[in-house]
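Structural overview
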Amino acid sequence: MPDPNGFLRYDRRLPARRPVPVRIMDWREVYPPAGEELIREQATRCMDCGIPFCHDGCPLGNRIPDWNDLVRTGGWDAAVESLHATNNFPEFTGRLCPAPCEAACVLGLGGQQPVTIKQVEVEIADAAVARGGLRPQPVPAPTGKSVAVVGSGPAGLAAAQQLARAGHAVTVYERDDALGGLLRYGIPDFKLEKRHIDRRLAQLAAEGVRFRTGVDVGVDVTAVHLRAEHDAVLLACGALQGRDTPETPGRALRGVHQAMTHLVAANRVVAAAGEGRPALATLPDGTPIDAAGKHVVIIGGGDTAADCLGVAHRQGAAGVHQLDLYPEPPADRDAARDPWPTWPWVLRSYPAHEEGGARVFAVAVQEFVDDGTGQVRAVRIAEVTVEKVDGRRIVTALPGSEREIPADLVLLAIGFEGTEEQPLLSQLGVTRNGRGAVDARPDWQTDADGVFVAGDMHRGASLIVWAIAEGRAAAAAIHAYLGGAGTLPAPVDPARQPLAAR
């Protein structure tokens, strides 16, 4: 049984981050490995509640109290098995997920700090590598059925692994030159070093998954060809259509870019350096997009904005401002607004924020200011109020509050508008809904029979745990569609939503 006094004997503690002056000089992960003593101590804080609400906070249904207690008692091999029973890639979620499970921890109900679930998870995942590697689980008897997975992000890879282990022949198509989706070129190495992706890809390949990179399905390979070659198709192309602000004066100036173009360019430079090749941070057309020596303005307050902030520091920006439309959130949960165990609106400071830069809340850009040559030199902002009226957001600028912030590089990190319009969709007869996503029937099929959808392409831009959960659930539906024996785990259905106050 768990230690009933663990949360009283130990405070919440995380491993110390690498020192700021050191880590901004390289692209290695911010957090060093935690010692076994610290992780065992933190796992001991878990009470193994009678009703573990952390299960509801996590769409994967991770057996959190089980593996916490196994870590507490030194049962690392069993903890690895328990963790992988519900999560294909815990080393990804342990590094990248914002941990809604921790927001739902029962300790939060009593005013205590939640268990460091995310940190325990990543240490178990890393222990799996250290204690014998990621052993492949090849299928003994193939089914003779074939599945195409379009997209190699976490949803596509999770589905591919589940289907391959069920005996189906799986081919993953990726239009980029390397596998991993946003994990590869969208997430900076200081959050996820790419060796973690490569290890998983080697495991999947050993389990029989075939990969085809540099293939833009719908262009290089038509939907007709895809349907002829495979018995089922899973669309897992993500939600990469960045939200823009075309109505803002000066949007067309040089130096104003979508955040993801900056992140992708920076990731490609890091990848090239790891291969011993020189490379510059440029757009596909060769336009430089490096923050070195520049005044950078990042518009947006979420994960993508924080990633841009960390990249700008490492590229040597002269200064960085991060602008947020909304007022500064409170430090603690407002129970009237976001009652436990829902995800609370609180101020979240990422490691990038302690590295430098200024955060400016409750402001909106009124104009991108031209330097006279077509290059941005500043952003003109105003203080604003934001209110919801009949479900619509009304932003009101406060008279007399306008001012300018120097800007040589402006990055738009204001969210995503769904999956990109692409030839594949029209070829399959699949349409996007009003949110830019692709709807799924209860069995995860789209409007086209035999064509399934999962991850951000279905849900819209969301968390990595939702992508993996949907990939696993879609794989279960595909397995049933192909007449596979038995059932595969299906942690969510297409209508499932995060915990919310009604």
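Our subject is the structure listed above.
Let me begin by describing the structure that accompanies this report. Note that the structure is a prediction, hence the values are computed from the model and not measured.

**Some thoughts on the pattern of salt bridges**
Pairing of side chains with opposite charge becomes possible as their charged atoms draw close. For the structure on display, the rule yields 32 salt bridges. A salt bridge links Arg17 to Glu354; its shortest N-O distance comes to 3.3 Å. Taken together, the residues Arg17 in the loop between helix 1 (6–9) and helix 2 (20–23) and Glu354 in the loop between strand 7 (319–323) and strand 8 (358–360) connect sequence positions 337 residues apart. Looking at Arg17, the relative accessible area reads 31%, which means it is partly exposed. By relative accessible area, Glu354 is classed as partly exposed at 42%. Across the pair Glu421 and Arg432 runs a salt bridge whose closest N-O atoms are separated by 3.4 Å. Separated by 11 residues along the polypeptide, Glu421 in the loop between strand 13 (409–412) and helix 16 (423–428) and Arg432 in the loop between helix 16 and strand 14 (451–453) bring together distant segments of the chain.

**Section: the side chain of Gln203**
Mapping Gln203 onto the fold places it in helix 12 (residues 195–206). Residue Gln203 is classed as buried on the basis of its relative accessible area of 5%. Discounting chain neighbours no more than four positions away, the residues touching Gln203 are Leu134, Arg135, Pro136, Gln161 and Arg165.

**Section: the packing of aromatic side chains**
Considering all chains together, one arrives at 4 aromatic pairs under this definition. Between Phe452 and Tyr481, the aromatic rings sit 5.4 Å apart at their centres with planes inclined by 75°, giving edge-to-face as the arrangement. Here the residue Phe452 occupies a position in strand 14, and Tyr481 occupies one in helix 18 (residues 464–481), the gap between them amounting to 29 residues. For Phe452, a relative accessible area of 1% corresponds to the buried category.

**Quick look at the pairing of strand 1 (residues 146–150)**
In terms of burial, strand 1 is a largely internal element, 5 of the 5 residues being buried. Burial along strand 1 is two-sided: the face carrying Ser146, Ala148 and Val150 and the face carrying Val147 and Val149 are both buried. Where strand 1 and strand 2 (residues 169–174) come together, 5 bridges link them in parallel fashion. Across the sheet, Ser146 pairs through a bridge with Ala169, a residue of strand 2. Remark: the strand 1/helix 10 (residues 154–165)/strand 2 crossover connection has right-handed handedness. By the bridge criterion, 4 bridges tie strand 1 to strand 4 (residues 232–235) in an arrangement that is parallel.

Criteria and thresholds
- Residues numbered from 1 in each chain as written.
- Predicted model: local features only at pLDDT ≥ 70, side-chain atom pairs only at ≥ 80, totals over all residues.
- Heavy atoms only, no water.
- Salt bridge = Lys/Arg side-chain N within 4 Å of Asp/Glu carboxyl O.
- Helix = DSSP H or I, 4+ residues; strand = E, 2+ residues; numbered from the N terminus.
- Buried < 20%, exposed > 50% of the residue type's maximum accessible area, 1.4 Å probe, protein only.
- Contact = heavy atoms within 4.5 Å.
- Phe/Tyr/Trp six-rings, centres within 6.5 Å; stacked < 30°, edge-to-face > 60°.
- Pairing = 2+ DSSP bridges.
- Right-handed = clockwise from strand over helix to strand, strands pointing away.

Note that every value here comes from positions in space, so none of it alone points to a role or purpose.
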